[in-house]
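If you want the building blocks of each chain, they are given just below.
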Amino acid sequence: MTDQKQTPAAPEHLPDPTPRRDFLRLGLTALAGVAAVEAGAISIGFFLPRLNEGEFGSVFKCGAVDKFPNGSVTPFNEGRFYLVRTQEGGFLALYRKCTHLGCAVPWDQAKKQFICPCHASVFDQTGAVLNAPAPRPLDLFAVTIANNQVQVDTSRAISRDRFDQTQVVYP
């Protein structure tokens, strides 16, 4: 006689159960895959440019030419620019970012100047530097006039070394 206990044999009609480690490994791999796909979709959405009209980086429809009197400066806060209508009737779109350290530059209506609150750079109505430390004039955005409507493209700032009359767009 032997004292060995016999284990009952597994029924032949049932498949081998998946070991716990394999099940957990498969589940964690699936979750990591889902997380990677979600992170990739979020990253792609973050880096794609916003092309909605009226947001910075898109084209702004500012209005009819007659809406802007000669010598006026009109802020477009959503677009981060000022639309300047010169005394001669031309248009400039000035980026409101100071060329010194990037502070937002407000328009002082009483002095008819842009005065940087950070380091006291001063710019005239065309964006030309009147008082340093700003190294160059305010950047521009492209202005187009189509069907008597002024449009400003804020997708790319145009850097310049000085003001030139050719930068002004006339209707």
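Residues numbered from 1 in each chain as written. Predicted model: local features only at pLDDT ≥ 70, side-chain atom pairs only at ≥ 80, totals over all residues. Heavy atoms only, no water.

## So, the packing of aromatic side chains
Next, step 1: On inspection of all chains with the given rule, the structure shows 10 aromatic pairs.
Next, step 2: Summarising the aromatic geometry, the rings of F76 and F81 are spaced 5.0 Å apart at their centres and angled 10 degrees between planes, so their arrangement reads as stacked. By the burial criterion, F76 is buried, and F81 matches it.
Next, step 3: Each ring, one from F81 and one from F141, has its centre 6.3 Å from the other, and the planes form 75 degrees; the classification is edge-to-face. Residue F81 is found in strand 3 (residues 81–85), and its partner F141 is found in strand 9 (residues 140–146); the two are separated by 60 residues along the sequence. A single burial state applies to F81 and to F141, both of which are buried.
Next, step 4: By the ring-pair criterion, three or more aromatic residues cluster together here, those being F56, F60, F68, F76, F81, F91, Y95 and F141. (Phe/Tyr/Trp six-rings, centres within 6.5 Å; stacked < 30°, edge-to-face > 60°. Buried < 20%, exposed > 50% of the residue type's maximum accessible area, 1.4 Å probe, protein only. Helix = DSSP H or I, 4+ residues; strand = E, 2+ residues; numbered from the N terminus.)

## Notes on the state of the cysteines
Next, step 1: Across all of its chains, the model carries 1 disulfide by this definition.
Next, step 2: Paired by a disulfide, C103 and C118 hold their sulfur atoms 2.0 Å apart. Between C103 and C118, the S-S dihedral sits near -110 degrees, and the bridge is therefore left-handed. Taken together, the residues C103 in the loop between strand 4 (91–95) and strand 5 (107–108) and C118 in the loop between strand 6 (113–115) and strand 7 (122–123) connect sequence positions 15 residues apart.
Next, step 3: A relative accessible area of 17% places C103 in the buried class.
Next, step 4: According to the relative accessible area criterion, C118 is partly exposed, its value standing at 39%.
Next, step 5: Sulfur of C98: no disulfide; nearest cysteine sulfur belongs to C116 and is 3.9 Å away. (Disulfide = S-S within 2.5 Å.)

## Focus on the sheet that holds strand 2 (residues 73–76)
Next, step 1: With respect to topology, 6 strands assemble into an open sheet ordered 1-10-9-4-3-2, the strand pairing being antiparallel. Looking along the sheet, the strands with just one partner apiece sit at the ends: strand 1 (59–64) and strand 2. Shown here is a sheet whose adjacent strand axes are inclined to one another by a mean of 25 degrees, direction ignored.
Next, step 2: With 2 bridges connecting them, strand 4 and strand 9 associate as antiparallel partners. (Pairing = 2+ DSSP bridges. Axes fitted to C-alpha atoms, helices over the stretch in contact; angles between N-to-C directions.)

## Remarks on the side chain of R160
Next, step 1: Structurally, R160 is set in the segment after strand 10 (149–158).
Next, step 2: Despite being buried, R160 has no salt bridge partner; D139 is the closest side chain of opposite charge, sitting 6.0 Å away.
Next, step 3: At a separation of 2.7 Å, a polar atom in the side chain of R160 contacts the main-chain carbonyl oxygen of L138.
Next, step 4: A polar contact is formed between the side chain of R160 and the side chain of Q167, at a distance of 2.7 Å. (Lys, Arg positive; Asp, Glu negative; His and termini not counted. Salt bridge = Lys/Arg side-chain N within 4 Å of Asp/Glu carboxyl O. Polar contact = N/O pair within 3.5 Å; in protein donor to acceptor, adjacent residues only side chain to side chain.)

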